[in-house]
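Listed below are the residues making up each chain.
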Amino acid sequence: MCEELYSSMETMWLLRQTRSLLIVPVFKCLVDICLVISLLVFVESVYMNIVVVYVKLLKRKPEKTYKWEAMQEDIEQGGQNFPMVLVQIPMYNEREVFQLSIGAACRLIWPLDRLIVQVLDDSTDPTIMEMVSMECAQWASKGINIKCERRDNRNGYKAGALKQGMRHSYVKQCNYIAIFDADFQPERDYLQRTVPFLIHNPELALVQARWKFVNASKCLMTRMQEMSLNYHFMAEQESGSTRHAFFGFNGTAGVWRLPAMEEAGGWKDRTTVEDMDLAVRVGLHGWKFVFVNDITVKSELPSQFKAFRFQQHRWSCGPANLFRKMTMEIIHNKRVMIWKKLYVIYSFFFVRKIIVHFFTFFFYCVILPTSVFFSEVNIPTWSTIYLPFMITLFNAIATPRSFYLVVFWVLFENVMAMHRTKGTFIGLLEGGRVNEWVVTEKLGDALETKLLPQVKKPRNGILERVNTKEMMVGIYILCCACYDFAYGNTLLYIYLSMQALAFIICGVGFVGT
């Protein structure tokens, strides 16, 4: 009996020693790392917003920074003084939206003999392929120079289709290339407003327009996406355009200068972010980009949680993988100043594409909940309340109509940070899903025009909708909240309870449409 008691006491002593000498110091170290990263993220956010305020106060619109003059048809030559423009529309089994994008491209105001519309159809569904062909033939009968190009494989996915599309002989006639994804609908004057930037400013390689979301009010999840993407355009793209004449191409709603693309090596399919890959390479050749906030292009947000998760995996995995592959190339580049290289490596990639995902998930969903078991570890209030409040405020300003949803946005962003962190890890380590490309499903049910009868899919059962990862994290955070409520002396359990609920709601699939 005495020996058992002694053994039990010895085990307890060893556990306490291990806790005090190993576990607590390691946890304190992790907290300190998170505090440093929180300052880096905060400083970066403040910097971007200062640039935006500077732009707004001084009204430094692109039309004032760069030369812009409207194109006018020559009375004698007609539209021959207009440059040749190629409009590319890559698509894959886009039953619900292909007519919208093709129709919008064909209605663009531009001399018909100076415009080529190229539909890059990688569809595998014979019915959809026939529909796309019929749509192209219909517009061709109206005098539109439209080409429907197909491949016998899907190598390289979107990048492969765009690369193959550039090989056609008629592309060499073109000076500029506009790209629109299948769910994007440019306004008729889109080319009239963007192309003059490229014509009158030979140093510009890209004119990027802002996305406008036609189904933002579809559900709470699309409202959250609208808030995040509006901030991306307002802060990241506008500050990059103003301060460094560089930002990541969004893959659509932009017009490129063909010689700039060719100089940088054209499209590459080494990552799932071929748009960002091209932008970085073109930027490293000294070309400049301009973001025009006043030009908007209609698009659709994914309203299904599964589709949104796949999209976020691609958007986080791809940049991390590109960062891994291009870091040394950026460092050894001789064409741009060291400050631009530092901006691309540190601000553009490291802070915004890498550590912000790690920090958001590990600090708010792992470290902070786990801290309830370590009363000896003090996490300062500025890191849990003041800085997050300021960063959240910056984001909310970009979408004033959704300001009252800011709490839901924070909780949802923390849930998605888990998937972004996973994607970033896979990209950095080149894991098995590094080149996974799942086309974001477009429903077309929130767009202005009903085009085709939608194919009704059978509803999944509750068990099929369960997302295990979200459930596990949600249950863990809920346990931490209960412990803090029972034994803690702070109000942290309030936040933990709400965050746990957000994970569990996403875990059972009750989010999106």
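Residues numbered from 1 in each chain as written. Predicted model: local features only at pLDDT ≥ 70, side-chain atom pairs only at ≥ 80, totals over all residues. Heavy atoms only, no water.

The name given to the protein in an unreviewed UniProt entry is glucomannan 4-beta-mannosyltransferase, with the source organism recorded as Brassica napus. Turning to the protein, the UniProt record has this under Sequence similarities (unreviewed entry): "Belongs to the glycosyltransferase 2 family. Plant cellulose synthase-like A subfamily." What UniProt records for the protein under Catalytic activity (unreviewed entry) is the sentence "GDP-mannose + (glucomannan)n = GDP + (glucomannan)n+1." (UniProt positions renumbered as here; feature names shortened; annotations may be inferred.)

Turning to helix α7 (residues 220-243), a few remarks are in order. Under the 1.5 Å per step criterion, the end-to-end length of α7 is 34 Å for 24 residues, consistent within 8% with the ideal 34 Å. At His232, α7 shows its maximal kink, close to 30°. Of all the 24 residues making up α7, 20 are buried; the element is thus mostly covered by neighbouring parts of the structure. Phi for Ala245, located one or two positions after α7, is positive at around 55°. (Helix = DSSP H or I, 4+ residues; strand = E, 2+ residues; numbered from the N terminus. Expected span 1.5 Å × (residues − 1). Bend = angle between axes of the 7 residues up to and from the residue. Buried < 20%, exposed > 50% of the residue type's maximum accessible area, 1.4 Å probe, protein only.)

By the definition in use, this model includes zero disulfides. Of all cysteine sulfurs, the one in Cys29 lies closest to Cys34, which takes part in no disulfide; the gap is 9.8 Å. Classification of Cys34 as buried rests on a relative accessible area of 9%. Cysteine Cys480 shares no disulfide, and the gap to the nearest cysteine sulfur, in Cys479, comes to 6.9 Å. (Disulfide = S-S within 2.5 Å.)

Next up on the list: the environment of Ser497. Within the element layout of this structure, Ser497 appears in helix α16 (residues 492-507). On the basis of relative accessibility, which here comes to 31%, the residue Ser497 falls in the partly exposed class. In this structure the C-alpha to C-alpha distance between Ser497 and Phe485, which are twelve residues apart in sequence, comes to 9.8 Å. Of the polar contacts made by the side chain of Ser497, one reaches the backbone oxygen of Tyr493; its length is 2.6 Å. (Polar contact = N/O pair within 3.5 Å; in protein donor to acceptor, adjacent residues only side chain to side chain.)

Considering all chains together, one arrives at 16 salt bridges under this definition. For Arg401, the salt bridge goes to Glu226, with nearest N and O atoms at 3.0 Å. Residue Arg401 is found in the loop between α12 (381-397) and α13 (406-429), and its partner Glu226 is found in helix α7; the two are separated by 175 residues along the sequence. Given a relative accessible area of 41%, Arg401 falls into the partly exposed group. (Salt bridge = Lys/Arg side-chain N within 4 Å of Asp/Glu carboxyl O.)

With that settled, the discussion passes to the sheet that holds strand β8 (residues 288-299). Strand order in the open sheet formed by eight strands is β3-β2-β1-β4-β7-β6-β8-β5, and the pairing between neighbours is mixed. The sheet is open, and its two edges are formed by β3 (146-149) and β5 (185-186), each paired on a single side. Sitting on the sheet, helix α3 (residues 98-106) touches β1 (85-91), β2 (115-121), β3 and β5, and the angle it makes with β1 is about 180°. (Pairing = 2+ DSSP bridges. Contact = heavy atoms within 4.5 Å. Axes fitted to C-alpha atoms, helices over the stretch in contact; angles between N-to-C directions.)

This part covers the pairing of strand β6 (residues 204-213). Across the ten residues that make up β6, a large majority, eight, are buried. Both β6 and strand β7 (residues 254-257) contribute to a ladder of three bridges, which runs antiparallel. When the sheet's bridge partners are listed, Leu206 is paired in β7 with Trp256.

Formed by 140 residues in total, the largest nonpolar core has its most connected members in Val87, Ile102, Val117 and Trp256. The leading source of residues in this core is helix α11 (residues 338-370), at 15 residues. Those residues in contact with Ile102 that lie beyond four places of it in its chain are Ile89, Met91, Val119, Val132, Glu135, Cys136, Trp139 and Ile146. Grouped together as the second largest cluster of nonpolar side chains are nine residues, Met48, Val52, Tyr231 and Ala235 included. (Core = buried A, V, L, I, M, F, W, Y, C linked by side-chain atoms within 4.5 Å.)

It is worth spelling out the UniProt feature "transmembrane region" (unreviewed entry) in the protein at this point. This chain's UniProt record puts "transmembrane region" (unreviewed entry) on residues 22-55, 343-369, 389-412 and 492-512. Span residues 22-55 is 100% helix and 0% strand, its end C-alpha atoms 50 Å apart. Helix makes up 76% of residues 492-512 and strand 0%. Its end C-alpha atoms lie 28 Å apart.

So, about a nonpolar patch on the surface. The grouping of Leu22, Ile23, Val26, Leu30 and Ile33 at the surface amounts to a nonpolar patch, some 410 Å² of accessible area in total. When you line up the elements, Ile23 lands in helix α1 (residues 2-58). (Patch = residues over 30% accessible without salt bridge, like charges linked within 9 Å, V, L, I, M, F, W, Y side chains within 5 Å. Areas by Shrake-Rupley, 256 points an atom, 1.4 Å probe, with all protein chains shown as cover.)

A few words now on the UniProt feature "domain: Glycosyltransferase 2-like" (unreviewed entry) in the protein. As recorded in UniProt, the feature "domain: Glycosyltransferase 2-like" (unreviewed entry) lies at residues 176-392. Note that residues 176-392 is 57% helix and 15% strand, and that its end C-alpha atoms are spaced 39 Å apart.

Let us look at the packing of aromatic side chains. Inspection of the entire model under this criterion finds 27 aromatic pairs. Taking 6.5 Å as the distance between ring centres and 90° as the angle between the ring planes, the aromatic pair formed by Phe246 and Tyr343 counts as edge-to-face. Of the two residues, Phe246 is situated in the loop between α7 and β7 and Tyr343 in helix α11; the sequence distance between them amounts to 97 residues. Plain terms: the ring middles of Phe308 and Phe412 are 5.8 Å apart, the flat faces sit at 15° to each other, and that makes the pair stacked. Of this pair, Phe308 sits in helix α10 (residues 305-331) while Phe412 sits in helix α13, placing them 104 residues apart in sequence. Over the ring of Trp139 we find Lys142; its NZ or CZ atom is 4.4 Å from the centre of that ring. Here the basic side chain of Lys147 rests over the ring of Tyr170, its NZ or CZ set 5.3 Å away from the ring centre. (Phe/Tyr/Trp six-rings, centres within 6.5 Å; stacked < 30°, edge-to-face > 60°. Lys NZ or Arg CZ within 6 Å of the ring centre and 35° of its normal.)

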